[in-house]
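The primary structure of each chain is shown beneath.
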Amino acid sequence: MKEISDKISKAYGCKIIVRPEQKLGNSHKNYLVYLAQISYRKEIKNKLEFLMNHSHTWEDFKEKARALNLKVDDTKKYTTYLLEGSEQTKKIRDRSLKNHKFLKGNLKERIEKNTIGYSVCSIAS
């Protein structure tokens, strides 16, 4: 295609743009692998799902989250999550996880419905 364009440009006396071989940055496949490696949201969602099913009170939920290296901060207006021991630098708000079941109120409702709870020791291992 470039050769045809160059011939037409040369025939009409137009300037031919010389570019070094262009390489695309990353392929889509490489990009998906990259996203999977740095996807803190996905890991946080997985841990929250697990904790939702294995906790019976909000305080129990926070203790077990600490055992799973997930810092839960609910002292301010929004509940935020941070993976401790990872390269994550910014806290993630509960509403940015794109699912209403991860909002603090919905989590509390779901946790209260649980009848069987697991100990913090069994969760950590």
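Further up the page is the structure itself.
So, here's what we can say about the structure. Remember, it's a predicted structure, so these values are computed and weren't measured experimentally.

**What to know about the nonpolar core**
With 18 residues, the main nonpolar core has I44, L48, F61, L70, V72, Y81 and L97 as its most contacted residues. Elements with a contribution of two residues or more to this core: α3 (40–54), α4 (58–67), β1 (70–73), β2 (80–83) and α5 (104–113). When residues in this core are grouped by element, the largest group, 4 residues, is from α3.

**Structural notes on a positive patch on the surface**
Positive charge collects at one region of the surface, where R41, K77, K90, R93, R95 and K98 lie side by side. Locating R95 in the fold gives a position in the loop between β3 (92–93) and α5.

**A word on the packing of aromatic side chains**
Evaluated as defined, the whole model comprises 1 aromatic pair. The residue whose ring lies beneath R95 is Y78, and the NZ or CZ to ring-centre distance is 4.6 Å.

**What to know about the layout of surface pockets**
A volume near 170 Å³ is recorded for the largest pocket. In terms of lining residues, the largest pocket is bounded by 10 residues, among which R41, Q88, K90, K91 and I92 are the most central. Taken together, the elements giving at least two residues each to the lining of the largest pocket come down to α3 and β3. The class makeup of the residues in the lining of the largest pocket is 3 nonpolar, 3 polar and 4 charged.

**Brief notes about the sheet that holds β1**
Read across the open sheet, the 3 strands follow the order β1-β2-β3; overall the sheet is antiparallel. Here the strands that pair on one side only, and so sit at the sheet edges, are β1 and β3. Looking at chain direction, β1 and β2 are connected through 4 bridges and run antiparallel. In the strand pairing of β2, K71 is matched with L82. Lying on the sheet, α3 is in contact with β1, β2 and β3; it crosses β2 at an angle near 110°.

What counts, and where the lines are drawn
- Residues numbered from 1 in each chain as written.
- Predicted model: local features only at pLDDT ≥ 70, side-chain atom pairs only at ≥ 80, totals over all residues.
- Heavy atoms only, no water.
- Core = buried A, V, L, I, M, F, W, Y, C linked by side-chain atoms within 4.5 Å.
- Buried < 20%, exposed > 50% of the residue type's maximum accessible area, 1.4 Å probe, protein only.
- Helix = DSSP H or I, 4+ residues; strand = E, 2+ residues; numbered from the N terminus.
- Patch = residues over 30% accessible without salt bridge, like charges linked within 9 Å, V, L, I, M, F, W, Y side chains within 5 Å.
- Areas by Shrake-Rupley, 256 points an atom, 1.4 Å probe, with all protein chains shown as cover.
- Salt bridge = Lys/Arg side-chain N within 4 Å of Asp/Glu carboxyl O.
- Lys, Arg positive; Asp, Glu negative; His and termini not counted.
- Charge placed at Lys NZ, Arg CZ, Asp CG, Glu CD.
- Phe/Tyr/Trp six-rings, centres within 6.5 Å; stacked < 30°, edge-to-face > 60°.
- Lys NZ or Arg CZ within 6 Å of the ring centre and 35° of its normal.
- 1 Å grid on protein atoms, 1.4 Å probe; cavity = no way out; pocket = protein on both sides within 12 Å on 5 of 7 lines; lining within 4 Å.
- Points joined across faces, edges and corners; volume = space filled by probe spheres on them.
- Nonpolar A, V, L, I, M, F, W, Y, C, P; charged D, E, K, R; others polar.
- Pairing = 2+ DSSP bridges.
- Contact = heavy atoms within 4.5 Å.
- Axes fitted to C-alpha atoms, helices over the stretch in contact; angles between N-to-C directions.

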